[in-house]
Amino acid sequence: GAGVSQSPSNKVTEKGKDVELRCDPISGHTALYWYRQSLGQGLEFLIYFQGNSAPDKSGLPSDRFSAERTGGSVSTLTIQRTQQEDSAVYLCASSLVADSYNEQFFGPGTRLTVL
Amino acid sequence: AQSVTQLGSHVSVSEGALVLLRCNYSSSVPPYLFWYVQYPNQGLQLLLKYTSAATLVKGINGFEAEFKKSETSFHLTKPSAHMSDAAEYFCAVISTGANNLFFGTGTRLTVIP
């Protein structure tokens, strides 16, 4: 079946612009995660959604970052007023449920470059 | 608190040689441990996971890892490296009851023909 898909695969933007990154999880997966992979910080957790529960936003680095998940499926990560330090690969993952046991399946990522 | 340390950001081995990638973890509660592989321009793929059922875990592509509580380690091994094993490998930990993964900084494996 189809895996996790993300769009766009690459995004180049100018400092100060807003960007939206999209994630389509595996059908039937109730949990969805966003991670960021950058040279300086490695792989960092940003936020996760479990069903219709309030998301865990504990990993978001600043209030310029937000995410939503509509209808319990597709998710959008929004970065407002982008900064050069936001340049990274943004990875989305999904799992059957959000717990420590179920495997997280990762998408190919969106490479964001802020000029 | 939980964290993962991967020793060696780059490891080079000859084709056919033993692969050993090191991972040490820190967790205040019993952890689940994972190894992921990332090929160029691709997402992360799960190699194997430890969930307390057995200390020696076998994964895909001939990889295995052994959980050693006394050493707080979960090193990844493969008896004989193939060229196709060249990739970046990430060790990750999640504590029981938690939901998000904590990753190590990754080890880039180069296989020399």
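Below is a short write-up of the structure. Not measured: the values here are computed from a predicted model.

1. Structural notes on the overall build of chain B
Within chain B, the secondary structure is distributed over 0 helices and 12 strands. The C-alpha radius of gyration computed for chain B amounts to 13 Å, which stays within 12% of the reference 13 Å derived for 113 residues, consistent with globular compactness. With the C-alpha coordinates of chain B rotated into their principal frame, the extents come out at 45 × 25 × 20 Å. Buried positions account for 49% of the 113 residues belonging to chain B. When contacts within chain B are restricted to residue pairs at least 6 apart in sequence, those whose partners lie at least 24 apart make up 56%. With the model as given, the accessible surface of chain B reaches about 5,200 Å², and the carbon-plus-sulfur share is 53%. Counting 7 positive and 6 negative side-chain charges, chain B places the averaged centre of each group 6 Å from the other.

2. Observations regarding the interface of chain A and chain B
Taken together, the contact between chain A and chain B spans 17 residues of the former and 21 residues of the latter. In this structure, the connection of chain A to chain B is made through 0 salt bridges. For the interface between chain A and chain B, the tally reads 3 residue pairs in polar contact (both at pLDDT 80 or more). Elements represented by at least two residues in the side of chain A that touches chain B include exactly strand 4 (31–38) and strand 5 (42–50) of chain A.

3. Quick word on the layout of surface pockets
The volume enclosed by the largest pocket comes to roughly 730 Å³. Looking at the largest pocket, it is lined by 31 residues, and the ones nearest its centre are Gln37, Val89 and Arg111 of chain A together with Gln38 and Glu88 of chain B. Listed by contribution, the elements that provide at least two residues to the lining of the largest pocket are strand 4, strand 5, strand 8 (88–95) and strand 10 (110–114) of chain A together with strand 10 (87–95) of chain B. Tallied by class, residues from the lining of the largest pocket come to 11 nonpolar, 17 polar and 3 charged.

Cut-off values and rules
Residues numbered from 1 in each chain as written. Chains lettered and ligands numbered in written order. Predicted model: local features only at pLDDT ≥ 70, side-chain atom pairs only at ≥ 80, totals over all residues. Heavy atoms only, no water. Helix = DSSP H or I, 4+ residues; strand = E, 2+ residues; numbered from the N terminus. Rg over C-alpha atoms; globule rule 2.2 N^0.38 Å. Buried < 20%, exposed > 50% of the residue type's maximum accessible area, 1.4 Å probe, protein only. Contact = heavy atoms within 4.5 Å. Areas by Shrake-Rupley, 256 points an atom, 1.4 Å probe, with all protein chains shown as cover. Lys, Arg positive; Asp, Glu negative; His and termini not counted. Charge placed at Lys NZ, Arg CZ, Asp CG, Glu CD. Salt bridge = Lys/Arg side-chain N within 4 Å of Asp/Glu carboxyl O. Polar contact = N/O pair within 3.5 Å; in protein donor to acceptor, adjacent residues only side chain to side chain. 1 Å grid on protein atoms, 1.4 Å probe; cavity = no way out; pocket = protein on both sides within 12 Å on 5 of 7 lines; lining within 4 Å. Points joined across faces, edges and corners; volume = space filled by probe spheres on them. Nonpolar A, V, L, I, M, F, W, Y, C, P; charged D, E, K, R; others polar.

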